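Next come the chains, spelled out residue by residue.
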Amino acid sequence: MSDVVIALNKATKRFVGMKQNAVSEVTLDIDGGSFVTILGTSGSGKTTLLKLVNRIHELTAGEILFNGQNIHELKVEEYRKKIGYVIQQIGLFPHMTVAENIAVVPESLKWNKNTIEERVDYLLELVHLNPAYYRNRYPAQLSGGQQQRVGLARAMAAEPGIMLMDEPFGAIDSITRKILQDELLAIHKKLGKTILFVTHDIHEALKLGGKVIVMDDGKVQQYDTPYNILFRPANAFVSRLVAAENTLEKLQVLRVGAVASPARHSDNPNIPRVNEAETLSNVLAKFMETGAPYLGVTDDSGRVNGEVSWDALRSVASLRNEGMEYYV
Amino acid sequence: MYEFFYGIFEYIGSHRETWLEAVRAHFFISVTILFASVVIGVPTGALCAKKPVLSSIVINFFNILKVIPSLALLLLALPVIGIGFWPACFALMVHSIPTILISSYTGMRQVEAAILESAVGMGLSPGEIFWKVELPLAAPFIMTGVRTCAVDVIATTTIASYIGAGGLGELVMFGISFMNLTAVVTGGLTIASLSLAVDAAFGLLQRRLCRIPVE
């Protein structure tokens, strides 16, 4: 599934009374099943861009297509029900239990009662909350991290075609944030849901995104893979943005796929193996632990489909940020 | 002391019909005022919370009206709307509506922006948001307003008797005119008991309706 789910065509937003566009002629496609992060500083237009997609803000000019349909021709409430929305402040309904919170949209869509109950339990398990224990709790009885898990489950309740997430982990402590990031990646891998994820944290954007939209001044500076954002920045802005990331930080956000080559030693049963979704920092650890000159790269079924050599890994560290020249 | 209270019971016993009729009338006027105030005050308060321009006009209008003492309003309204049940209700509502209106307004305003944003973002209609989210979250505030108002109304209904609407005020007025202390105290104590009972009843209702756990 790689059809375009969301297509922006010269999407522009200018707020009433402002002299500048908050979002300026943004044209890009979001492929179905992709995990796209939007990275930018405050005032860059990243949140406005996200809110244009679910029509919390309305376009000043341009158009946005959802599965090929102009979103302004759709009934706004029906359209929004096809979109999961998660915000930093979570916004759970404090007078409803966890189960009632998750059931809001399915109930509004008049789903069958048993279907809703099964769906609630399924989602709670998906976000690692024991349904028997958490179903009848109230939001105030949960920690921030648990609340955002419920927020995530609620957004996925009616099987939306796309998830919009506005700095969902921004207010959560760094240890829990890392766990939630990993779980979100796992959920994305499992369900293949299209995710559009806003963050101001470079590390988070590069770690989560299959592709990253770098925004500044209401414009898209670069829309590319984390590898290309790091090593082939499109302009001086992106170059400056990523320059602060040192080698270890780069290894933490890049994945095996970025440096893997076709398998040449797959017949060797003794070579240590890593999953293709591992970060390069884990690959580095594996090299250090095993002392092997290369590792087999496996897919989820455990089949070796490539390999990564010590030299390939080192090349990442020695790669010059080609954008450095913008500096001088 | 004992004899004094005995006197009250004796008074009620010997004027059973009149006393019951006064209690019934008092209660009926109070319920009518309270009901009408809720019907007018809650929607108006909710609407004001949504429209800032409207809210400053409406709230100021009621605040100005509220400055006029109930009794003065009652007597001022007399030449225009006459005497009896409805004029009394109307004049007393001027004081009870603002209490409920402002508590509804406050209740609606304190609903967090993030909660509303997620409700809008998940595709709920304005009607669904009002009934499922805003009203339940404003309910504790509205209920506090209604409870305060109910106690207020029962107390002020006493003066409705001045324009012939009946109620326990008649007993007090009669007592004052005829220097009958037992009648005054009987009326006063009945009103006080009624207020306490209604307050307690609303307290229970509040606990049942507004269950938002804190921990």
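Residues numbered from 1 in each chain as written. Chains lettered and ligands numbered in written order. Predicted model: local features only at pLDDT ≥ 70, side-chain atom pairs only at ≥ 80, totals over all residues. Heavy atoms only, no water.

Caption draft 1: Looking closely at the sheet that holds strand β10 (residues 219-224) of chain A. Residues and elements named next belong to chain A. As summarised here, the arrangement of the six strands in space is β6-β7-β8-β3-β9-β10, forming an open sheet in which the pairing is mixed. Of all strands in the sheet, those bounded by a partner on one side alone are β6 (83-87) and β10. Sheet twist, expressed as the mean angle between neighbouring strand axes with direction ignored, is 15°. One ladder, built from five bridges, connects strand β7 (residues 162-166) with strand β8 (residues 194-199); its direction is parallel. By the bridge assignment for β8, L164 is matched with L196. (Pairing = 2+ DSSP bridges. Helix = DSSP H or I, 4+ residues; strand = E, 2+ residues; numbered from the N terminus. Axes fitted to C-alpha atoms, helices over the stretch in contact; angles between N-to-C directions.)

Caption draft 2: Looking closely at the nonpolar core. Grouped together as the largest cluster of nonpolar side chains are 44 residues, with contacts concentrated most on I33(B), L34(B), I100(B), L101(B), V146(B), L168(B) and F202(B). F202(B) has contacts with L34(B), M143(B), V146(B), R147(B) and A150(B), leaving out every residue within four places of it along the chain. L92(A), Y134(A), L180(A) and F197(A) belong to the second largest nonpolar core, which has 34 residues in total. (Core = buried A, V, L, I, M, F, W, Y, C linked by side-chain atoms within 4.5 Å. Buried < 20%, exposed > 50% of the residue type's maximum accessible area, 1.4 Å probe, protein only. Contact = heavy atoms within 4.5 Å.)

Caption draft 3: Summary view of empty space enclosed by the protein. Overall, the coordinates contain four cavities of 30 Å³ or more when judged by the stated rule. Approximately 100 Å³ is the volume attributed to the largest cavity. Lining the largest cavity are 13 residues, and of these I83(A), V105(A), R154(A), A155(A) and M122(B) sit closest to its centre. Put simply, the parts of the chain that give the lining of the largest cavity at least two residues each are β6 and α6 (144-155) of chain A. (1 Å grid on protein atoms, 1.4 Å probe; cavity = no way out; pocket = protein on both sides within 12 Å on 5 of 7 lines; lining within 4 Å. Points joined across faces, edges and corners; volume = space filled by probe spheres on them.)

Caption draft 4: Representation of the pattern of salt bridges. Residues and elements named next belong to chain A. According to the stated counting rule, one finds 15 salt bridges over all chains in the structure shown. D182 is paired through a salt bridge with K207; the nearest N and O atoms lie 3.0 Å apart. Here K207 lies in helix α8 (residues 202-208) and D182 lies in helix α7 (residues 174-191), a separation of 25 residues in the sequence. Assessed through its relative accessible area of 32%, D182 is described here as partly exposed. If you follow the salt bridges from partner to partner, you end up with K178, D182 and K207 in one network. (Salt bridge = Lys/Arg side-chain N within 4 Å of Asp/Glu carboxyl O.)

Caption draft 5: View of a nonpolar patch on the surface. Residue and element names in this part refer to chain B. On the surface, a nonpolar cluster with roughly 670 Å² of combined accessible area is contributed by M1, F4, F5, F9, L181 and L189. For the nonpolar patch, the secondary-structure elements that each account for two or more residues are α1 (2-14) and α9 (181-209). The biggest single contributor to the nonpolar patch is α1, with three residues. Tracing the backbone shows F5 in helix α1. (Patch = residues over 30% accessible without salt bridge, like charges linked within 9 Å, V, L, I, M, F, W, Y side chains within 5 Å. Areas by Shrake-Rupley, 256 points an atom, 1.4 Å probe, with all protein chains shown as cover.)

Caption draft 6: Examining the environment of T182(B) more closely. All names here are of chain B. The topology assignment puts T182 in helix α9. The spacing of T182 and P126 is 56 residues in sequence and 57 Å in space, taken between C-alpha atoms. Here T182 is in contact with G7, I8 and Y11, once residues within four sequence places are set aside.

Caption draft 7: Main features of the packing of helix α5 (residues 85-109) of chain B against helix α7 (residues 126-156) of chain B. Residue and element names in this part refer to chain B. Contact pair α5 / α7: the axes reach a minimum separation of 8 Å and the direction vectors enclose 155°. Considered as vectors, α5 and α7 are oriented roughly antiparallel to each other. The interaxial crossing formed by α5 with α7 has right-handed handedness. For the pair formed by α5 and α7, the contact residues are L92, S96, T99, I100, S103, S104, T106, G107 and M108 on the first element and F130, E134, A138, F141, I142, G145, V146, T148, C149, V153 and T156 on the second. (Parallel < 35°, antiparallel > 145°, perpendicular 65-115°, else oblique. Left-handed = near helix turned anticlockwise from the far one by under 90°.)

Caption draft 8: Layout of the side chain of S44(A). Residues and elements named next belong to chain A. Looking at the element boundaries, S44 is found in the loop between β3 (35-39) and α1 (46-53). From its side chain, S44 meets the backbone oxygen of T41 in a polar contact 2.7 Å long. Residues in contact with S44, not counting those within four places in the same chain, are A22, M215, D216, D217 and G218. (Polar contact = N/O pair within 3.5 Å; in protein donor to acceptor, adjacent residues only side chain to side chain.)

Caption draft 9: Examining the interface of chain B and chain A more closely. Taken together, the 22 residues of chain B in the interface contact 24 residues of chain A. Summing both partners gives a buried area of about 2000 Å² for chain B against chain A, and 64% of it is carried by carbon and sulfur. Applying the counting criterion to the chain B and chain A interface returns one salt bridge. The closest approach of N and O atoms between K51(A) and E117(B), which form a salt bridge, is 3.3 Å. In this assembly, chain B and chain A are joined by seven residue pairs in polar contact (both at pLDDT 80 or more). If you tally residues by element for the side of chain B that touches chain A, the top one is helix α6 (residues 113-121) of chain B, at seven residues. Of the residues in the side of chain B that touches chain A, the class split is 13 nonpolar, four polar and five charged. (Buried area = accessible area lost by both parts, 1.4 Å probe. Nonpolar A, V, L, I, M, F, W, Y, C, P; charged D, E, K, R; others polar.)

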